[in-house]
There are 4 protein chains.
Amino acid sequence: MIEFTENEKLKRKFYKIIFEADTPAGKLFDVVLIWSILLSVVLVVVESVHEYNEKYQVLFTAGEWFFTIMFTLEYMLRIYVIRRKTVYIFSFFGVVDLLAILPTYISLLFPGTQYLMVIRILRLMRVFRVFKLSNYLAEANILRKALLASSRKILVFLSSIAVLVVVIGAIMYVIEGPKYGFKDIPTSIYWAVVTLTTVGYGDISPQTGVGQFFASVVMVLGYAIIAVPTGIMTVELSALHRKKNTTTTRVCPECMHEGHDDDARYCKYCGHKFIKD
Amino acid sequence: MIEFTENEKLKRKFYKIIFEADTPAGKLFDVVLIWSILLSVVLVVVESVHEYNEKYQVLFTAGEWFFTIMFTLEYMLRIYVIRRKTVYIFSFFGVVDLLAILPTYISLLFPGTQYLMVIRILRLMRVFRVFKLSNYLAEANILRKALLASSRKILVFLSSIAVLVVVIGAIMYVIEGPKYGFKDIPTSIYWAVVTLTTVGYGDISPQTGVGQFFASVVMVLGYAIIAVPTGIMTVELSALHRKKNTTTTRVCPECMHEGHDDDARYCKYCGHKFIKD
Amino acid sequence: MIEFTENEKLKRKFYKIIFEADTPAGKLFDVVLIWSILLSVVLVVVESVHEYNEKYQVLFTAGEWFFTIMFTLEYMLRIYVIRRKTVYIFSFFGVVDLLAILPTYISLLFPGTQYLMVIRILRLMRVFRVFKLSNYLAEANILRKALLASSRKILVFLSSIAVLVVVIGAIMYVIEGPKYGFKDIPTSIYWAVVTLTTVGYGDISPQTGVGQFFASVVMVLGYAIIAVPTGIMTVELSALHRKKNTTTTRVCPECMHEGHDDDARYCKYCGHKFIKD
Amino acid sequence: MIEFTENEKLKRKFYKIIFEADTPAGKLFDVVLIWSILLSVVLVVVESVHEYNEKYQVLFTAGEWFFTIMFTLEYMLRIYVIRRKTVYIFSFFGVVDLLAILPTYISLLFPGTQYLMVIRILRLMRVFRVFKLSNYLAEANILRKALLASSRKILVFLSSIAVLVVVIGAIMYVIEGPKYGFKDIPTSIYWAVVTLTTVGYGDISPQTGVGQFFASVVMVLGYAIIAVPTGIMTVELSALHRKKNTTTTRVCPECMHEGHDDDARYCKYCGHKFIKD
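The written sequence of each chain sets the order in which its residues are numbered from 1. Written order decides the labels, with chains lettered from A and ligands numbered from 1. Selection of residues for local features in this predicted model requires a pLDDT of at least 70, selection of side-chain atom pairs for listing and counting requires 80 or more, and totals for whole chains, interfaces and linings are taken over all residues. Based on all heavy atoms of the structure, the side-chain values leave hydrogens and waters out of the count.

1. Describing the overall build of chain A
Convention followed: For helices the rule is a DSSP run of H or I covering at least 4 residues; for strands it is a run of E covering at least 2, with both sets numbered from the N terminus onward. Per-residue accessibility, obtained with a 1.4 Å probe over protein chains only, is compared with the maximum for each type, and a residue is labelled buried under 20%, exposed over 50%, and partly exposed between these values. It only takes one pair of heavy atoms within 4.5 Å for two residues to be counted as in contact. All accessible areas in this document rest on Shrake-Rupley with a 1.4 Å probe, and a residue is counted as covered only by the protein chains that are shown.
The helix and strand inventory of chain A stands at twelve helices and two strands. For chain A, the succession of helices and strands along the chain, N to C, is α-α-α-α-α-α-α-α-α-α-α-α-β-β. In chain A, which comprises 277 residues, the proportion classed as buried is 47%. Pairs at least 24 apart in sequence give 53% of the contacts found in chain A among residues at least 6 apart. Carbon and sulfur atoms make up 68% of the accessible area of chain A, which totals about 14600 Å².

2. A short note on the confidence of the model for chain A
Residue and element names in this part refer to chain A. Filter applied, for reference: Residue-level confidence of the predictor is summarised by pLDDT, bounded by 0 at the bottom and 100 at the top.
The share of residues in chain A with pLDDT of 70 or more is 82%, and the mean pLDDT across the chain is 81. Within chain A, the lowest mean pLDDT, 58, falls on strand 2 (residues 258-260), and the highest, 93, falls on helix 10 (residues 185-196). Of the two predicted TM-score estimates for the complex, the pTM is 0.82 and the ipTM is 0.80.

3. Observations concerning a nonpolar patch on the surface
Residues and elements named next belong to chain D. Keep this limit in mind: Each patch is built from residues that are more than 30% exposed by relative accessible area and take part in no salt bridge. Like charges join if they lie within 9 Å; nonpolar side chains (Val, Leu, Ile, Met, Phe, Trp, Tyr) join within 5 Å. By definition here, a salt bridge exists when the distance from a side-chain nitrogen of Lys or Arg to a carboxyl oxygen of Asp or Glu is within 4 Å.
On the surface, a nonpolar cluster with roughly 1100 Å² of combined accessible area is contributed by Ile69, Leu73, Met76, Val95, Leu98, Leu99, Leu102, Tyr105, Ile106, Leu108, Leu109 and Phe110. Counting residues per element, the ones that place at least two in the nonpolar patch are helix 3 (50-81), helix 5 (92-99) and helix 6 (102-106). Tracing the chain through its elements places Leu109 in the loop between helix 6 and helix 7 (127-130).

4. A look at the environment of Val235 of chain A
Relative to the helices and strands, Val235 of chain A is located in helix 12 (residues 227-246). As for Val235 of chain A and Val220 of chain A, which are separated by 15 residues in sequence, their C-alpha atoms are 24 Å apart. Aside from chain neighbours lying at most four places away, what touches Val235 of chain A is Thr234, Leu237, Ser238 and His241 of chain B.

5. Re the pattern of salt bridges
Following the criterion strictly, the structure yields 16 salt bridges over all chains and no others. Between Arg78 of chain D and Glu74 of chain D there is a salt bridge, with its nearest N and O atoms 2.6 Å apart. Here the residue Arg78 of chain D and the residue Glu74 of chain D both occupy positions in helix 3, the gap between them amounting to four residues, near one helical turn. In this structure, Arg78 of chain D and Glu74 of chain D share a single accessibility class: buried. Connected via shared salt-bridge partners are Glu74, Arg78, Asp97 and Arg123 of chain A.

6. A closer look at helix 5 (residues 92-99) of chain C
Residue and element names in this part refer to chain C. Keep this limit in mind: Each direction from the helix axis to a C-beta atom contributes to the arc, which is the arc of those directions.
For helix 5, the complete set of buried residues consists of Gly94, Val96 and Asp97. Along the long axis of helix 5, the arc covered by the buried residues comes to 165 degrees, so they all point the same way. At its buried positions, helix 5 is contacted by helix 3 (50-81) and helix 4 (85-89).

7. Some thoughts on the packing of helix 11 (residues 209-225) of chain B against helix 10 (residues 185-196) of chain C
This is how the line gets drawn: All axes here are fitted lines through C-alpha atoms, helices being fitted over the stretch that makes contact, and every angle between N-to-C directions spans 0 to 180 degrees. Reported orientations rely on four angle classes, namely roughly parallel under 35 degrees, roughly antiparallel over 145, roughly perpendicular from 65 to 115, and oblique for the rest. Left-handed describes a crossing whose near helix is turned anticlockwise from the far helix by less than a right angle; the clockwise case is right-handed.
Where helix 11 of chain B meets helix 10 of chain C, the axes come as close as 9 Å, and the angle between the chain directions of the two elements is 20 degrees. By the angle between their axes, helix 11 of chain B is roughly parallel relative to helix 10 of chain C. The element helix 11 of chain B and its partner helix 10 of chain C pack so that their crossing is left-handed. Across the interface between the two elements, Gln212, Ala215, Ser216, Met219, Val220 and Tyr223 of chain B from helix 11 of chain B touch Thr187, Tyr190, Val193, Val194 and Leu196 of chain C from helix 10 of chain C.

8. Notes on the nonpolar core
Put simply, the rule is: Nine residue types can take part in a nonpolar core, namely buried Ala, Val, Leu, Ile, Met, Phe, Trp, Tyr and Cys, and a core is a set of them joined through side-chain atoms within 4.5 Å.
One finds Ile185 and Trp191 of chain A, Trp191 of chain B, Ile185 and Trp191 of chain C together with Ile185 and Trp191 of chain D to be the most contacted residues of the largest nonpolar core, which totals 251 residues. Here the element with the most residues in this core is helix 9 (residues 151-176) of chain B; it accounts for twelve residues. With residues up to four places along the chain from it excluded, the contact list for Ile185 of chain C reads Ala170 and Tyr173 of chain C together with Val44, Val45, Ser48, Tyr115 and Val118 of chain D.

9. Notes on the UniProt feature "transmembrane region" (unreviewed entry) in chain A
Note the cut-off: UniProt positions are given in the numbering used here, feature names are shortened, and annotations may be inferred rather than shown by experiment.
Feature annotation in UniProt assigns "transmembrane region" (unreviewed entry) to the following positions: residues 28-46, 58-81, 154-175 and 213-235 of chain A. Taken end to end, residues 28-46 of chain A is 100% helix and 0% strand, and its first and last C-alpha atoms sit 27 Å apart.

10. Some words on the packing of aromatic side chains
The criterion, for reference: Centre distance within 6.5 Å is the pairing criterion for rings of Phe, Tyr and Trp, where only the six-membered ring of Trp is used; planes under 30 degrees apart are then read as stacked, over 60 as edge-to-face, and the remainder as tilted. Geometrically, a lysine NZ or arginine CZ counts as sitting over a ring once it is within 6 Å of the ring centre and also within 35 degrees of the ring normal.
One pass over the structure, following the stated rule, counts 36 aromatic pairs over all chains. When the ring of Phe182 of chain A is compared with that of Trp191 of chain A, the centres are 5.3 Å apart and the planes differ by 70 degrees; the resulting orientation is edge-to-face. For Phe182 of chain A, a relative accessible area of 0% corresponds to the buried category. For the pair Phe92 of chain C and Phe93 of chain C, a centre-to-centre distance of 5.4 Å together with 65 degrees between the ring planes defines the contact as edge-to-face. Residue classification places Phe92 of chain C among the partly exposed positions, given a relative accessible area of 48%. Taken together, the ring pairs in this structure connect Tyr15, Phe19, Tyr75 and Tyr88 of chain A into an aromatic cluster. One cation-aromatic arrangement involves Lys11 of chain A over Tyr80 of chain A; the distance from NZ or CZ to the ring centre is 4.9 Å. Stacked on the ring of Phe71 of chain D, the Lys or Arg Arg123 of chain D has its end atom at 5.2 Å from the ring centre.

11. Description of unusual backbone geometry
Across the chain, the bulk of peptide bonds are trans and the bulk of non-glycine residues have phi less than zero. Look at Thr198 of chain C: it is not a glycine, yet its phi comes out positive at around 60 degrees. Looking at the secondary structure, you find Thr198 of chain C in the loop between helix 10 and helix 11 (209-225).

12. Considering the side chain of Asn53 of chain D
Position of Asn53 of chain D among the secondary structure elements: in helix 3. The contacts of Asn53 of chain D, once residues within four sequence positions are left out, are Glu47, Phe60 and Tyr115 of chain D.

13. Considering the environment of Gln212 of chain A
In this structure, Gln212 of chain A sits in helix 11 (residues 209-225). A relative accessible area of 11% means that Gln212 of chain A is categorised as buried. Beyond its immediate sequence surroundings of up to four residues, Gln212 of chain A is in contact with Glu176, Pro206 and Gln207 of chain A together with Thr187 and Tyr190 of chain B.

14. As for the side chain of Thr72 of chain C
One can find Thr72 of chain C in helix 3. Thr72 of chain C has contacts with Ile101 and Tyr105 of chain C, leaving out every residue within four places of it along the chain.

15. Quick look at the environment of Val41 of chain D
One can find Val41 of chain D in helix 2 (residues 24-47). Expressed as a C-alpha distance, the spacing of Val41 of chain D and Phe67 of chain D, which sit 26 residues apart in the sequence, is 9.9 Å. Dropping the residues within four chain positions of it, Val41 of chain D is found in contact with Val166 of chain C together with Val118, Arg120 and Ile121 of chain D.

In structure tokens form, the structure reads like this:
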């Protein structure tokens, strides 16, 4: 019985170190973690460069496996010390933590996939917690809220774009044909996306007069509808901005509710009559 | 006489199945329709890929004709069972339903046009009705309204763009000339559209110093005027958003002031206590 | 004396036909003018296409001169019949009318400049007046006002861009150098404009690692500052929109001034006390 | 003692000439300075053009050194006459003034860096002060304020973009590989930036089907998230615009209500008559 409690105590201690950042040990752990993540990502990025790869391949492979095993141990430890294990495993950071170690193991079967381990850069988002960058978290939150609030409009917008590029792609395929680079409809759809989003690689571009005319129409269309997501986002951000600015003003001296309009003469929560200052 | 009524009854039954989606049969019909549309579009897209086309051409042609004949029968049935036939035929979905079957027939005369049948992907917009995605319909409606409300401004804007690209195209043709890819004014206008919309394929690009300077001016111009449609759209969306948010709220039964917040318990103008419903 | 009055009368009659569009003759004149402009522009555009130019050169030259002489006569007539001649000559349409005829004459000295006559397409803006498209004029007016109201901000913005591209261009020239297409600083500045405006032709693009890194920074910068003109324009349009929407409401029954705020209890122009309805 | 005062007097006189622009001598100094800056920048830009460089190299080098020595003397004089020397040296203009002369000296060690002296174009920002373009300064100030106010949101946004392009770059490197131009992860990250910002050079572009599909997703993503900085900027500009328009106006001396329109002659809350100033 005593041993079990000891175990529980240890678990709790580790939990504080690994998941929280309020104790010195917890802070140290997070700082070491952040540097390990950064280092392992830089390692993978540099490894992909041919000239370095040739010279230091052994070093890269060693470093890769060192960090992967370290992160694997950390992942297992996280699962071990946390109480609600499935909640963590299927949480955003739980999935990212798993994705951060998988690629190296998979690369044993499919060489090349180890580069996907850069996905562990997403773990850096923990940095916000460690350094108490709460102001930035608040800003990030506003952006996230605006995105969420407009997610439905954006989904409708993206579906329309998806239908549009299929139709545009097929029409362009009929107009230009495989002779001018539009070798099949999927490629033409790819061209339509490249054009409508105003990216314009130019790897495929219309050569015939009719094709160039149709492409011009598509471009102007893309130029005009880029206004839609911008408008959506602006309105949502503006609404959130106004809300923040208008609900932090007057406080009722009677019921302490805040957020009264400037021209209110009675508290809208308790009916207390405001005395003009 | 009885036979005629029977016929009417049958028509009504079919109408409910084909045009509505409230009965199980109607729902089933819509689901089958949606999958048929998706399948036939995928078929056409895959058919256009050279390697598959060579191997399975018979299969593709068969599938194509199968779906086209099915959709033709459906189209005829729709006309048959609906009372106000011309209204349907010239409605948006009526035209789309017709355009969805025409290309296969036309391809007998002009091979290659069968690819245009991907236009039947537009029929998928019925999906909103079937799955009662009314929330999304509302959002789509807001976007549609904002576009309509600003259609005049957008038309004025697009006309200005049209005049602008003709003038820019001609000036660039005089500056660069056929020697550097600007082989005639229509091509130069195409280049002007590609540049002004910031697409920038690079299939045609200025080579002379004067041309590059003029192109730079055009680009900065394009960069500045992209603000116009965005501004228009944002203002319209914002107006619709504000309308929705402010005109649907509460009126005080005592002093008739309106515009109270949803969580207000007292009128902010006269202090009257609201009774919860 | 009588002859002079006759002359004056004639001038006035012509003035009504040429400058106004309220009489049938004036309307007819404008319609003929619009078609002539369109036809002559199409003529020039088609002339520039090599294959047509070879076959029908005589026809093109004849048509060109026919329209130019016609427009010259019209221009002289306009000056003759109008009273305040210098005002017309230096007005927007006066300058456009002159620019519309000059290129053909200049082409006698410098062949090729006749293509610049497409500038006469700007004369089409008269179309708004002829067809009483006053609604569109109003919308165009709003856009023009918003552009004017924000012209100072836009000028400051464009100056900053101008300084920025010179600095970016020079830095990139030092980084990449003539070996990789950045053959001198003007060309590098051109590349900076192409990149910062997100046009991205790709005719010149960084090849070295340092260059690609620096270019990435420039691109993200361009991506971020495109927000500036859009923000400016949106705010101006929004202000105009709100003004239009808010100044057309309450009218004081005493002094007939309009544009009172909804919560005003006294007329802000004459002090009349409003009676609550 | 008298000599020291004389020295002080001289310093003060020079200070007025060099740092201020209210005396005729100060104005002349600034005008000469502006022209020198412009001339020396043009000199460097023209020098980089191969054909001119070959012919007039001696002239360019002479001009370069002439302006550099002149600016060096000016820089030393500025430090000499100003009282709070370190404040000036580390101020924005102090740093720019130093950077404006360094490249020429550095070019003795590393030839080619003299082109970096175009950075002295930043000194032109003094032009605002000289010509009393205070209106423009105000506008520039608004833009600067909006940028500052939204700097945190923009930083969060840019960090997200940075993480995103690393992940996208690595995924694309695994999909396409060195065979199709994505020669290592840094290059792939560069491609991700080029694509996400909709610049789209096309120097590297996906060739495989999977790569083109993934690129399409990235493009649509970039198209959607360009809305974010625009929204941020618009909201900030809008807030500044509203503030300027509503909080700087009139207060009724009778009832102390504020926010009266500029053309109001009576208080809209108590009916008090305003006295014209």
